[in-house]
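Architecture at a glance
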Amino acid sequence: MPTDPTAGAPAHPQAARPQPARLGLGTAAVGRPGYITLGRDADLPAERTVEALRERTHALLDAAYAAGVRYLDTARSYGRAEEFLAQWLDEHPEAAAEVTVGSKWGYTYTAGWQASGVAAHEVKEHSTAVFDRQVRETRALLGDRLDVYLVHSVVPGSPALTDPALHERLAALAADGVRVGLSTSGPAQGDTIREALAVTVAGRPLFTAVQATWNLLETSAAPALAEAHAAGWLVVVKEGMANGRLAGRNATGPDTAALRTLADRTATTPDALALAAAAAQPWADVVLSGAATLDQLASNLTAADARPTPQDLAALDGMAEPAEAYWRTRSELPWA
């Protein structure tokens, strides 16, 4: 099994895992035909069949692994992404022995393999019934290759933070060697993380991992993420490019002028610089690429070589938006 990505963390009932690469690969954009990343019409095959997206996912996994990526992220609600990843791991046993695999439960995929025009692409429910069903589904695909299991998109007051019966189930999973945590969304991410830090079962912390949105436009969770990191949690950054808003083709407005200027001056690309800024945060263990094409992945992975200075990062500070405004804009992005 891989060793613990947070060496020196407080003792917790889980198997040891290996140190994952600083950059990871997420599969939200390629496990289903519809998502909210800007520009997907140009990124995916015209016919978004199951086989076409399986092939694209496997190609990305091949390239990411060859480049040294060792953290792979998926979720029950990402269409067939867990299935695609499981098949790739079956075909690459040497990779399966090295990578850290994270998945998420709590959303049920409901789009019926449609890109748009459906009432809901996913339905959230953090109940024991949904956990019982989805952990069985995840285990059926990933088996003992599941290293990290997160409650998907937790907000303050979620049953994931308050339901003792659910906590007992999660604690049992942790005792079985899986790192248990949560992903966060919305303008109150910091409040959610702090509530989760206080959850205990039998006097021990329940959660030891968080996947949160942090990017140059949405930085509000940083203080709470620093607290989670200090507590020994695995901290994974998602949406480091703000669902494509910080990609070069979309970073054309006044809100991203500082990013373009610095990318030009440092001979890098806006996407790589945005991910490098996330990786430069002292509390960030893994920063996810959400690439949908091999070219995007190659560009994203150059973030590993980018070294923004403190002065560079300070020049980007002014890009941050109020959290409420950022999440309002995100909620208006179309599924396509």
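All figures in this text were calculated on a predicted structure; none of them were measured in a lab.

Of the residues in the chain, 94% have a pLDDT of 70 or more, and the chain-wide mean is 93. Note that residues 3-20 has pLDDT below 50 and, in this model, 57 contacts with residues that lie over four places away or in other chains.

What follows concerns the side chain of Asp 271. One can find Asp 271 in helix α11 (residues 270-279). No salt bridge is formed by the buried Asp 271. Its closest oppositely charged neighbour is Arg 249, at 9.5 Å. Polar side-chain contacts of Asp 271 include one of 2.8 Å to the side chain of Ser 299. Every residue in contact with Asp 271, bar those within four places of it in the chain, is listed here: Met 241, Leu 246, Ala 247, Gln 296, Ser 299 and Asn 300.

Let us look at helix α2 (residues 50-66). An α-helical turn contains 3.6 residues, so a residue and the one three or four places further along point in the same direction. For α2, which comprises 17 residues, the first-to-last C-alpha distance of 24 Å matches the rise-based estimate of 24 Å (1.5 Å per residue) to within 8%. When α2 is considered as a whole, its buried residues turn out to be Val 50, Ala 52, Leu 53, Arg 54, Thr 57, His 58, Leu 60, Leu 61, Ala 64 and Tyr 65. Contacts from the buried residues of α2 go to β1 (23-26), β2 (71-73), α3 (81-91), α4 (93-96) and α12 (294-301). Phi for Gly 68, located one or two positions after α2, is positive at around 105°.

This part is about the sheet that holds β2. Pairing in this closed barrel of eight strands is parallel, and the strands run β1-β2-β3-β6-β7-β10-β11-β12 around the ring. Pairwise comparison of adjacent strand axes, ignoring direction, gives a mean angle of 25° for this sheet. Relative to strand β10 (residues 209-213), strand β7 (residues 179-184) runs parallel, the two sharing two bridges. Across the sheet, Leu 182 pairs through a bridge with Val 210, a residue of β10.

Quick look at the packing of α11 against α12 now. For any two helices packed against each other, the geometry comes down to the angle between their axes and how far apart the axes lie. Relative orientation of the contacting elements α11 and α12 amounts to 50°, with a least axis distance of 7 Å. When the axis of α11 is compared with that of α12, the two are oblique. Judged by the sense of rotation from one axis to the other, the crossing of α11 with α12 is right-handed. Residues Asp 271, Ala 272 and Leu 275 of α11 lie in contact with α12, whose contacting residues are Gln 296, Ser 299 and Asn 300. Of the residues belonging to the contact of α11 with α12, the class tally is two nonpolar, three polar and one charged.

Non-glycine residue Glu 239 carries a positive phi angle of around 55°. If you trace the backbone, Glu 239 turns up in the loop between β11 (234-238) and α10 (257-265). In this structure Glu 239 comes out as buried when scored by relative accessible area, which is 14%. Look at Ala 242: it is not a glycine, yet its phi comes out positive at around 55°.

Rules used in this analysis
Residues numbered from 1 in each chain as written. Predicted model: local features only at pLDDT ≥ 70, side-chain atom pairs only at ≥ 80, totals over all residues. Heavy atoms only, no water. pLDDT = per-residue confidence, 0-100. Contact = heavy atoms within 4.5 Å. Helix = DSSP H or I, 4+ residues; strand = E, 2+ residues; numbered from the N terminus. Buried < 20%, exposed > 50% of the residue type's maximum accessible area, 1.4 Å probe, protein only. Lys, Arg positive; Asp, Glu negative; His and termini not counted. Salt bridge = Lys/Arg side-chain N within 4 Å of Asp/Glu carboxyl O. Polar contact = N/O pair within 3.5 Å; in protein donor to acceptor, adjacent residues only side chain to side chain. Expected span 1.5 Å × (residues − 1). Pairing = 2+ DSSP bridges. Axes fitted to C-alpha atoms, helices over the stretch in contact; angles between N-to-C directions. Parallel < 35°, antiparallel > 145°, perpendicular 65-115°, else oblique. Left-handed = near helix turned anticlockwise from the far one by under 90°. Nonpolar A, V, L, I, M, F, W, Y, C, P; charged D, E, K, R; others polar.

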